[in-house]
Amino acid sequence: GENVEQHPSTLSVQEGDSAVIKCTYSDSASNYFPWYKQELGKRPQLIIDIRSNVGEKKDQRIAVTLNKTAKHFSLHITETQPEDSAVYFCAALTPNTGNQFYFGTGTSLTVIP
Amino acid sequence: DAGVTQSPTHLIKTRGQQVTLRCSPKSGHDTVSWYQQALGQGPQFIFQYYEEEERQRGNFPDRFSGHQFPNYSSELNVNALLLGDSALYLCASSRDPAYGYTFGSGTRLTVV
């Protein structure tokens with residue numbers, strides 16, 4: 001099955017700086033890559049996603065890049081704010097296994113005011 | 001528009017007992033997946049239901065079973081609870097899994 005690895009596990013940045021979280025996947029058939037933000041005690045919330053036919057997608061301060069050849073994708077948050085502090089999960093959707101999501105282990109982001 | 005709703009929000013059970021968790025999908029969604037999220041970990045796929053049948057299953061023992069009803073709501077049952085079953089159980093629904101899921105707030109299960 002698919003294996004998604006996520007790095008780093010923890011990340012601290014100063015407010016206003018950028019944050020980058022990276023994920024790799026193993027199954028070349030994976031074709032959809034969402035990123036979720038989970039605040040303490042709350043549900044995962046989809047913040048941005050990208051499909052395998054696109055290399056980059058941006059939504060205001062958040063962007064995701066995908067390198068299909070290298071099988072990795074990254075989340076970029078610019079001009080970070082304290083409210084960006086949360087755990088971020090990447091995921092890969094694999095049609096070979098009935099469109100299951102495989103999640104990374106999460107990155108705990110802390111934005112220091 | 002109600003999103004995905006789960007009940008109960010918190011639950012404490014004793015080792016060996018059985019538990020049933022419930023999920024109502026977002027309006028218009030017919031596919032329901034269940035995930036187990038241990039503390040500090042990413043969600044792990046348990047199984048997926050579509051048209052009242054289990055369509056896919058993750059690497060979980062048979063103690064974990066489920067059901068989907070004609071109105072698309074779903075239940076997750078866990079028998080013979082172990083301490084290691086303590087986790088946040090998330091339900092996620094979709095109209096088409098290829099376009100992502102909407103997660104519920106989860107049920108926090110503690111087994112003592």
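No experiment lies behind these values; they were computed from the predicted model shown. (Residues numbered from 1 in each chain as written. Chains lettered and ligands numbered in written order. Predicted model: local features only at pLDDT ≥ 70, side-chain atom pairs only at ≥ 80, totals over all residues. Heavy atoms only, no water.)

Trainee: Just checking my understanding: could you explain the pattern of salt bridges for this structure?
Mentor: Two side chains of opposite charge can pair, provided their charged atoms sit close to one another. Residues and elements named next belong to chain B. Throughout the structure, instances matching the rule amount to 6 salt bridges over all chains. Salt-bridge contacts for Glu 75 lead to Arg 22; the nearest nitrogen and oxygen are separated by 3.4 Å. Of this pair, Glu 75 sits in strand E8 (residues 74-78) while Arg 22 sits in strand E3 (residues 19-24), and the two are 53 residues apart along the sequence. Here Arg 63 makes a salt bridge to Asp 85, at a shortest N to O gap of 2.9 Å. With Arg 63 in the loop between strand E6 (53-57) and strand E7 (64-68) and Asp 85 in the loop between E8 and strand E9 (87-94), the pair connects residues that are 22 residues apart, well separated along the chain. (Salt bridge = Lys/Arg side-chain N within 4 Å of Asp/Glu carboxyl O. Helix = DSSP H or I, 4+ residues; strand = E, 2+ residues; numbered from the N terminus.)

Trainee: In this structure, what is going on with the packing of aromatic side chains? I would like to understand it.
Mentor: Think of a pair of aromatic rings as described by two things: how far the centres are apart, and how the planes are tilted against each other in angle. Following the criterion strictly, the structure yields 15 aromatic pairs over all chains and no others. Measuring from centroid to centroid gives 5.8 Å for Tyr 36 of chain A and Phe 103 of chain A, while their planes differ by 45 degrees, and the two rings are tilted. Of the two residues, Tyr 36 of chain A is situated in strand E4 (residues 32-38) and Phe 103 of chain A in strand E10 (residues 100-103); the sequence distance between them amounts to 67 residues. Residues Tyr 36 of chain A and Phe 103 of chain A agree in their burial class; the two are buried. Taken together, the ring pairs connect Tyr 32, Tyr 36, Phe 101 and Phe 103 of chain A together with Tyr 35, Phe 45, Tyr 101 and Phe 103 of chain B into an aromatic cluster. Of note, Arg 55 of chain B hangs over the ring of Tyr 50 of chain B, and the distance from its end group to the ring centre comes to 4.5 Å. (Phe/Tyr/Trp six-rings, centres within 6.5 Å; stacked < 30°, edge-to-face > 60°. Buried < 20%, exposed > 50% of the residue type's maximum accessible area, 1.4 Å probe, protein only. Lys NZ or Arg CZ within 6 Å of the ring centre and 35° of its normal.)

Trainee: Would you explain the state of the cysteines in this entry?
Mentor: By definition, a disulfide links the sulfur atoms of two cysteines through a covalent bond. All names here are of chain A. All told, the structure shown has 2 disulfides over all chains when counted by the stated rule. Here Cys 23 connects covalently by a disulfide to Cys 90, the sulfurs 1.9 Å from one another. Measuring the twist about the S-S bond at about -100 degrees, one finds the Cys 23-Cys 90 disulfide to be left-handed. With a gap of 67 residues between them, Cys 23 in strand E3 (residues 19-25) and Cys 90 in strand E9 (residues 86-94) connect regions that are remote in the sequence. For the pair shown, Cys 23 and Cys 90 are each scored as buried. (Disulfide = S-S within 2.5 Å.)

Trainee: I would appreciate a short explanation of the sheet that holds strand E1 (residues 4-7) of chain A in the present structure.
Mentor: Strands belonging to one sheet form pairs held by backbone hydrogen bonds; the direction of such a pair is parallel or antiparallel. All names here are of chain A. With respect to topology, 5 strands assemble into an open sheet ordered E1-E3-E8-E7-E6, the strand pairing being antiparallel. The two strands at the open ends of the sheet, each matched to only one other strand, are E1 and strand E6 (56-59). The sheet shows a mean angle of 15 degrees between the axes of neighbouring strands, direction not considered. Of the strand pairs in this sheet, E6 and strand E7 (residues 62-67) are connected by 4 bridges, and their pairing is antiparallel. Among the inter-strand pairings, Lys 57 is bridged to a residue of E7, identified as Val 64. (Pairing = 2+ DSSP bridges. Axes fitted to C-alpha atoms, helices over the stretch in contact; angles between N-to-C directions.)

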